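Observations on the three-dimensional arrangement
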Amino acid sequence: LLSTNDSLGIITNEMVMEEMRKNVVKEMESVRRLRNIRLVKKTLKSYWVDFSRKKSISIHHWNITTKFNCFSSWHKIVMLKTQGLDLIRWERPKRPQIRYDVEEFIVRRLRKS
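Predicted model, so just to flag it, every value in this text is computed and none were measured.

1. Re the overall build of the protein
Scanning the protein from N- to C-terminus turns up 2 helices and 0 strands. Residue burial in the protein is summarised as follows: out of 113 residues, 4% are buried. Accessible surface computed for the protein: about 11,800 Å², of which carbon and sulfur atoms make up 61%.

Laid out in structure tokens, this is it:
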């Protein structure tokens, strides 16, 4: 190292401290880079594991709901037929009908006009 003074070959404490600081900064930068790479790998792995777990759960849920919707009515018919009951012969529930008096309706309609 060359000193900034007129005399050559003299190394001051400040020069040593500056070189040590540079070495420490380089080492810290390399450690930071490695840590960032490890952090990115860990984050990507956790996202991938979470994605695959959620995907398997969603596929399982989809299979169960579709199978339930397809086979629940079929299962009900089979169970009732084994007991001697038939759903086709049963009367289905009908929509409620509004009952009104036709003559009263005509009177109200005539009053409005």
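So much for the structure itself; the text now carries on.
2. Some words on the pattern of salt bridges
Per the counting criterion, the structure on display carries 7 salt bridges. The residue Glu29 makes a salt bridge to Arg33 at a minimum N-O spacing of 4.0 Å. Here the residue Glu29 and the residue Arg33 both occupy positions in helix α1 (residues 13-82), the gap between them amounting to 4 residues, near one helical turn. The exposure class of Glu29 is partly exposed, given its relative accessible area of 32%. Linked by salt bridges that have partners in common, Glu29, Arg32 and Arg33 make up one network.

Thresholds applied
- Residues numbered from 1 in each chain as written.
- Predicted model: local features only at pLDDT ≥ 70, side-chain atom pairs only at ≥ 80, totals over all residues.
- Heavy atoms only, no water.
- Helix = DSSP H or I, 4+ residues; strand = E, 2+ residues; numbered from the N terminus.
- Buried < 20%, exposed > 50% of the residue type's maximum accessible area, 1.4 Å probe, protein only.
- Areas by Shrake-Rupley, 256 points an atom, 1.4 Å probe, with all protein chains shown as cover.
- Salt bridge = Lys/Arg side-chain N within 4 Å of Asp/Glu carboxyl O.

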